[in-house]
Structures are given as structure tokens and as C-alpha cells.
Amino acid sequence: MSDTILDINKDNKEENVKLEVNNLNLFYGQFQALHNISMNIKANKITALIGPSGCGKSTFLKTLNRMNDLEENVSINGELKLDNTDIYKEMDALELRKRVGMVFQQPNPFPKTIYDNVAYGPRINGIKKKAQLDEIVERSLRQAAIWDELKDRLHKSALGLSGGQQQRLCIARTLAVEPEVVLMDEPTSALDPISTSKIEELANELKKKYTIVIVTHNMQQALRVADDTAFFLLGELIEFRDTKKLFSYPMDKRTEDYITGRFG
Amino acid sequence: MRSKFDEQLKSLNEEMIRMSSMIENAIKEAIEALLKQDVTKARQIMENDDYIDQEQKRIENICFQLLIQQQPVAKDLRNITAAMKMVTDMERIGDHAADISELTVVLSDVPYQVKIDNIKDMAKESIDMLKQAVTAYVDSDMKMAREVIEHDDVVDELFCKVKSDLIDVMQNNTAYEEHAADLLMVNKYLERIGDHATNIAEWVIFSLDDKGIKKS
């Protein structure tokens, strides 16, 4: 076992690292929202980010595909690498977002048909041939475990779907551009337990092909789906470890107090 | 913030103390009945074993409720898991008190022809171990739990001493052979009680072990 939690947060170097974060700081104007975050996110694993509201976990998630670029007054320093390439210094934001997709808390399908929702990204990327688009739509919907439910209504509006179906459609839309990393910001908080369990099973299936980072308020969900879990508090990364270890033998008293419901 | 949960954990502790004192009394009385060859009391202890079994079920139910309602993690989960495992050992101790009482009935027809002071000592040591193991759980006292585990050697030594005494009796007094064999069984049950107390202490250590949590 490593000596300190900081060692543990970075000690998985030997495994296949997809995203490497070193001394990342983020400011909203004068306010520092993230303090010196360092962690290695492993490829083909599910990493959960947990912590009380306002702890910086969603802010951190957004830095992973530069969603914070869209907000004013945000300044970032430190290092954030995707496959050893710095995403802020050496990569175009659009290129990055093709490789790092995002699924949001509220399902947000476009007011278009199911087919057009999924084909949207590929079309923007220049794919025009119908046969090719058909193939992408089917593959993406299959990967999102919703093909069987939707195959007969591809040209109906996506807005007519249930919340759980809409969320899986949004996942399919994200997968259509073949990203390498999928970020999920509380993807099941607006869903019923059955839809939640479908998304969780899906995440487990998707990690074979993608690297997944998921923000969740539901600790049982982190326990069920995540290989690694990171606990954030007041903009700091307190503990980042194998999920089972973090929930069985937390190393930091603050982690233990949070996961056992003593605050938050 | 988690007052209901803490209340439930407190009532789990109270039930653990209650079950512990039930089995402690059962062994004490079983040994008293054995020493005095009191068949009526022995039969009473055998009947009372049902209450111990019921108490085990009650504690297991509290644990199930806690697991379902609170979905505990970390120390809470270890605490509840430990309680569930501990009551199994406690219930077995209750069984052994009943087993000893069953032998008391068999042994009641002739006066003892061996010194049974050592058996009395063994009973005392085993009861002490049990009491300490449960106190260690209730007070979250790791040091006390470790002491219980070490103390098992004392019971094991006494077991060997009583066993060799009884073998002597068997060899020199063949008419008493069968009774001596029964007393050897009593001796074994008391030794097993020490083992169960050790198990309980090991579960206490499991529930308290935080693998070097950094207190800030």
C-alpha cells in the first residue's frame, strides 16, 4: 500500500492511462473552484466522481472536454492530457469533443426524428451517404441498447420517447461520432429505477470499447458501476482509488464521513 | 443527519448485550447444574435454548433492516456484518450450554469420581472471554478484543489438563469409563466456547480495523 493518499491518487501509472491530469487549477474569476487536481483516469474503465453539491466534480468533468471554454471568466492552469497530448495546449477543442463525448443530466434530444438525432454528429463530420448513415444509426442504437425498442419508429420524433429512452438515445448520439471517452454528468438522476439500471448495464457494456467518467450523487450507483472512484470536497480531490476499497476502507476521515452520511 | 441510523445501531448494540448476557447465564447455570447434578435445572436450560435462538433471529432481522434501509458502507457495513457473524457464534455457545445440560442429565445417576475443579475453572475462563469479546464490540475496544484471542491459550491448556486427568480415570477405573467419556465431552464443549469467543473477538477486530485510516 502506498504511504499517502496523494501517492494513491497517482499510483496507477503502470496501467493504461487514458486521461492524465497534473496539478489542475480552475478559477471562476477570483474564485478557485478546483485545487491542484492530479489523477490518472484509466482506459476502458468506469471512473466515478462523487462529492457533495458544489465540490467541483461537475466542473472537473467539464474540463475533460473543455466545456468550460464556453463560459466566461474561467481560467485554467495545469496539465490535462488525452493519450499524452495536452488537450488545452496541443489540441483543437472541436477535435477534442469528437474524441471525448458528453451525456448530460437531463436527456436533451434535438426536436428531430430519432434517426436525425443519431445521424446529426456524423453528418456534421461530412458523412452524407445514406447507407453509411443507416449503418452508423443502427450500430449506435444497438450499442446504446435501444435498437430493438426504436427500430420501427426511427422517423418519429425523439421527443415522444420516455425519459429513459431519451437518455439512451442521447448516449447513442454521443456514440455515433465514435468517441474514445464518454463523460456522463449524473445521467440517471432524472430517471426511474428500471431506466437507471438499463443505463448502468449499458455503461458496463460500453467500457469494453470506451473510457467512461461518470458524475453521480448516488453512491450505490458508484459502487455498482465504477471501477475507480474519486471523492471531491471543496474543489479538492480527497481520495481516488479502487471503488471497492474506497467504500470498504476509506483512507481519509473526510471520505468516510461523507460516504457514511455524516455530512453532505 | 443520520440520527435514525445511529438509533438503529444503538438498538443493535443493546440486543447484542442482551444476547450476550443470555448465553453467559446459560453457561453459568449449566455448569452449576453439572456440579450439583441438578437435573431439573439442566432440563430448564435445555428448554431456554429456544429463547436464545429467538434472540439470534431478532438480531439478524435488525441487521437485515439496517442493510436494506441504510445501505451501509465502510465502518457501518463492517459493524453490521460483524454483528451478523457474531450472533452465529453466540448461538452456538448457547447450544453448547444445552449440550452440557444434556450430559448433566446422563451424569446425574452416580456421584462424580473425579475432581471437577478444572472444569469449573474452564467454565469461568470461557465466560470471561465471551463477556470481554462482547464488551470489546460494544465499546469498540480493539485492545480488549486482542486480549480475548490471546486468552484462548489458557482455556486450551486447561482443556489438555482435564483431558489427561480423565484419561487417567478411564485407565484406572473402568467402571467409570463411560461417565469419564461424557465429562470429556463437557470439557470439549467448554473448549469450543472459548473458540467461539475467539471468533467473536476476531469479528470485533474486523469491524474496527480501518486499515490505517488517516484521521484529520
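Residues numbered from 1 in each chain as written. Chains lettered and ligands numbered in written order. Predicted model: local features only at pLDDT ≥ 70, side-chain atom pairs only at ≥ 80, totals over all residues. Heavy atoms only, no water.

A look at the overall build of chain B
Then comes step 1: Broken down by element type, chain B carries 6 helices and 0 strands.
Then comes step 2: Going from the N terminus to the C terminus, chain B shows its helices and strands as α-α-α-α-α-α.
Then comes step 3: Principal axes of the C-alpha set define a box for chain B whose edges measure 70 × 35 × 20 Å.
Then comes step 4: Taken across its 216 residues, chain B has 46% of its residues classed as buried.
Then comes step 5: A separation threshold of at least 6 residues defines the contact pool for chain B, and within that pool the share at least 24 residues apart is 86%.
Then comes step 6: Put simply, chain B shows about 10,700 Å² of open surface, and 49% of that area lies on carbon and sulfur atoms.
Then comes step 7: Here chain B holds 27 positive side-chain charges and 43 negative ones, and the gap between their average locations is 7 Å. (Helix = DSSP H or I, 4+ residues; strand = E, 2+ residues; numbered from the N terminus. Buried < 20%, exposed > 50% of the residue type's maximum accessible area, 1.4 Å probe, protein only. Contact = heavy atoms within 4.5 Å. Areas by Shrake-Rupley, 256 points an atom, 1.4 Å probe, with all protein chains shown as cover. Lys, Arg positive; Asp, Glu negative; His and termini not counted. Charge placed at Lys NZ, Arg CZ, Asp CG, Glu CD.)

Points about the UniProt feature "domain: PhoU" (unreviewed entry) in chain B
Residue and element names in this part refer to chain B.
Then comes step 1: Per the UniProt record, "domain: PhoU" (unreviewed entry) is found at residues 17-103 and 119-204.
Then comes step 2: Each end of residues 17-103 is marked by a C-alpha atom, and these two atoms are 28 Å apart; helix forms 94% of the span and strand 0%.
Then comes step 3: Secondary structure content for residues 119-204 is 92% helix and 0% strand, and the end C-alpha separation is 28 Å. (UniProt positions renumbered as here; feature names shortened; annotations may be inferred.)

A look at the layout of surface pockets
Residues and elements named next belong to chain A.
Then comes step 1: Quantified by volume, the largest pocket comes out at close to 610 Å³.
Then comes step 2: Only α3 (93-99), β6 (100-103), α4 (114-124) and α7 (163-176) provide two or more residues apiece to the lining of the largest pocket.
Then comes step 3: Broken down by element, the lining of the largest pocket gets its largest block of residues, 4 residues, from β6.
Then comes step 4: Considering only residue class, the lining of the largest pocket consists of 11 nonpolar, 6 polar and 3 charged. (1 Å grid on protein atoms, 1.4 Å probe; cavity = no way out; pocket = protein on both sides within 12 Å on 5 of 7 lines; lining within 4 Å. Points joined across faces, edges and corners; volume = space filled by probe spheres on them. Nonpolar A, V, L, I, M, F, W, Y, C, P; charged D, E, K, R; others polar.)

Examining the side chain of Arg173(A)
Residues and elements named next belong to chain A.
Then comes step 1: Looking at the secondary structure, you find Arg 173 in helix α7.
Then comes step 2: The buried charged residue Arg 173 lacks any salt bridge partner; its closest oppositely charged side chain belongs to Asp 116, at an N-O distance of 12 Å.
Then comes step 3: If near-sequence neighbours (up to four positions away) are discounted, Arg 173 is found in contact with Asn 108, Pro 109, Phe 110, Asn 117 and Val 118. (Salt bridge = Lys/Arg side-chain N within 4 Å of Asp/Glu carboxyl O.)

Describing a nonpolar patch on the surface
Residue and element names in this part refer to chain B.
Then comes step 1: On the surface, Phe 64, Leu 67, Ile 68 and Leu 77 cluster together to form a nonpolar patch covering roughly 340 Å² of accessible area.
Then comes step 2: Tallying contributions element by element places helix α2 (residues 39-70) first for the nonpolar patch, with 3 residues.
Then comes step 3: Within the fold, Ile 68 resides in helix α2.
Then comes step 4: According to the relative accessible area criterion, Ile 68 is exposed, its value standing at 59%. (Patch = residues over 30% accessible without salt bridge, like charges linked within 9 Å, V, L, I, M, F, W, Y side chains within 5 Å.)

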